[in-house]
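Fold and contact review
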Amino acid sequence: MVGPGVAMSLPTFVTDDPFSAPGNVTLGEDAAHHMRVRRLETGVRVGLVDGAGMRGEGVLTQLAKRHAIVSIETAEAVEPAAPIHLLLSVADKDRMLWLAEKVTELELASWRPVSFRRSRNVNPRGEGPTFQQKVRMRMAAALEQSRGAFLPVLYPEATVEHAIAARPTGACLVMQQGGRPIFEALTPLIASARERGDPLPVVTLAVGPEGGFEPAEMDAFETAGFLPVTLGRNILRFETAAQSGLAAVRAMLELVTDPDAIRVDPNGMDR
Ligand code: SAM
């Protein structure tokens, strides 16, 4: 496993299929369109990611209207970041698409929309397979722009009961104004994992609908062991809460992954 390997300036594209080197990979109509918009010509070097951690580099050998072919020269597996999973509300389409972009930049591991009771009267709602395809395209564009290697795994809409039952083992947080400060809630979970020499906890973050959780839904989360956590006293829109909560958890897990990053130099200079 290796770290980022593609030169930062290379135009990078997400493939639908896995690839390896040496070999050829065919990219679809969207990628071919982007290549033409960017005025790429055959013979240029391009970067590739498969969205599942494989990163490669190669040469564009064919650019047609509906497809492009890249001859792959190098391919390497990237180490994933500590996994964070999101249970988000089915909500307004545009707000969900905005969030899809942001969570991809922050390397979200999975995206599971939940049909809460108060999600049902939102209009237009982002749900169904066609909308999920739009989410996937938005995430792919964000991955290309952010030079990431992982796309979130996309799950279809679920009931609250199913989303809770299907969560991975680990630390579970439910975002709620009036909960415990998010750092205070997560720090002991991370500290005890480190003391035991265990891997960092897999984190699941649940965010409610614009109308808020019904009391029974909050009860279901708490009964399942989700800790209510807050990001301050103001009421945040669901996408602000989800993006900020994810960034806060990602920042904490990154610091713990690299403890040297927070060591202070004796001369007073931060490392
Ligand atoms: N009237 C709703 C209520 O009282 O819960 C407001 C819902 S808010 C627009 C949408 C979701 O964002 C909430 O269900 C919660 O999960 C999250 N959220 C909003 N403000 C928050 C805060 N200050 N801290 C943490 N999460 C918050």
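Cut-offs and rules
Each chain has its residues counted from 1, following the order in which its sequence is written. Owing to the predicted nature of the model, reporting of local features is limited to residues with pLDDT of at least 70; listing and counting of side-chain atom pairs is limited to 80 or more, with chain, interface and lining totals taken over all residues. Where side-chain values are given, they derive from all heavy atoms of the structure, hydrogens and water being excluded. The helix and strand labels rest on DSSP assignments: H or I over at least four residues marks a helix, E over at least two residues marks a strand, and numbering proceeds from the N terminus. Both definitions apply: the radius of gyration is a C-alpha atom measure, and the globule rule equals 2.2 Å times residues to the power 0.38. In this scheme, a residue with accessible area under 20% of its type's maximum is buried, one over 50% is exposed, and one in between is partly exposed, where area comes from a 1.4 Å probe on protein chains only. Two residues qualify as a contact provided that any one of their heavy atoms is within 4.5 Å of a heavy atom in the partner residue. Positive residues here are Lys and Arg, negative ones are Asp and Glu, while His and the chain termini are left out of the count. The atom standing in for a charge is NZ when the residue is Lys, CZ when it is Arg, CG when it is Asp and CD when it is Glu. Within this analysis, the arc is defined by the directions that extend from the helix axis to the C-beta atoms. Any residue with a heavy atom lying within 4 Å of a molecule or strand is counted as near it. Whenever a nitrogen or oxygen atom comes within 3.5 Å of another N or O atom, the pair is scored as a polar contact, on the condition that within protein one atom can donate a hydrogen and the other can accept it, and that pairs from neighbouring residues in sequence are kept only if both atoms are in side chains. Using the Shrake-Rupley algorithm and a 1.4 Å probe, accessible areas are obtained, with residue cover drawn only from the displayed protein chains. Multiply 1.5 Å by the residue count of a helix minus one, and that product is the helix's expected span. Domain extents, as shown, originate in an automatic or database domain assignment. Note on definitions: buried area is the accessible-area loss of two parts on being combined, 1.4 Å probe, summed for both. The working definition used for a salt bridge is a side-chain nitrogen of Lys or Arg within 4 Å of a carboxyl oxygen of Asp or Glu. Amino acids are sorted into nonpolar (Ala, Val, Leu, Ile, Met, Phe, Trp, Tyr, Cys and Pro), charged (Asp, Glu, Lys and Arg) and polar (every other residue, Gly among them).

This part covers the overall build of the protein chain. Each helix and strand in the protein chain was counted, giving seven helices and eleven strands. Over its C-alpha atoms the protein chain spans a radius of gyration of 20 Å, differing by no more than 12% from the 18 Å that the globule rule assigns to 271 residues. Reported as C-alpha extents along the three principal axes, the dimensions of the protein chain are approximately 60 × 55 × 30 Å. Classification of the 271 residues of the protein chain by burial places 42% in the buried group. Across the protein chain, contacts joining residues at least 24 apart in sequence account for 76% of those joining residues at least 6 apart. Considering the protein chain, the positive charge centre built from 28 side chains and the negative charge centre built from 33 side chains are found 5 Å apart.

In this section: helix α6 (residues 215-223). Taken together, the buried positions of α6 are occupied by Glu 217, Met 218 and Phe 221. Around the axis of α6, the buried residues are gathered within 100° of arc, so they sit on the same side. Facing away from the buried side of α6 by over 90 degrees, the exposed positions are Pro 215, Ala 216 and Thr 223. The secondary structure elements touched by the buried residues of α6 are β6 (84-89), α4 (160-165), β9 (171-181), β10 (203-206) and β11 (227-230). In the segment just after α6, Gly 225 is the residue with positive phi, at about 95°.

Lining the immediate environment of the ligand, one finds 19 residues, of which Met 175, Gly 208, Gly 232, Asn 234 and Leu 236 sit closest. Within the backbone of Met 175, one N or O atom sits 2.6 Å away from an oxygen atom of the ligand. Interatomic distance of 3.5 Å between a backbone N/O atom of Gln 176 and a nitrogen atom of the ligand. Contact with the protein chains covers 84% of the free accessible surface of the ligand, which is 560 Å².

With that settled, consider helix α5 (residues 182-196). Over its 15 residues, α5 extends 22 Å from the first C-alpha to the last, a length consistent with the 21 Å expected when each residue adds 1.5 Å. A positive backbone phi angle near 75° is found at Gly 197, which sits one or two residues after α5.

Next up on the list: the domain arrangement of the protein chain. By a widespread convention, an interface's size corresponds to the accessible area lost as its parts come together. Split into domains, the protein chain comes out as domain 1 (12-77) and domain 2 (84-255). Distance between the C-alpha centres of domain 1 and domain 2: 31 Å. Of the residues lining the interface, 13 residues belong to domain 1; the matching set on domain 2 comes to ten residues. Summed over both sides, the interface of domain 1 with domain 2 buries roughly 910 Å², with 50% coming from carbon and sulfur. Three residues, Thr 12, Val 14 and Gly 51, lead the burial of domain 1 against domain 2; their summed loss comes to 46% of the area buried on that side. Here domain 1 is connected to domain 2 by one salt bridge. Note that Arg 136 is salt-bridged to Asp 16, the shortest N-O span being 3.7 Å. Across the contact surface, domain 1 and domain 2 share six residue pairs in polar contact (both at pLDDT 80 or more). The element best represented in the side of domain 1 that touches domain 2 is strand β1 (residues 12-14), accounting for three residues. The class makeup of the residues in the side of domain 1 that touches domain 2 is four nonpolar, five polar and four charged.

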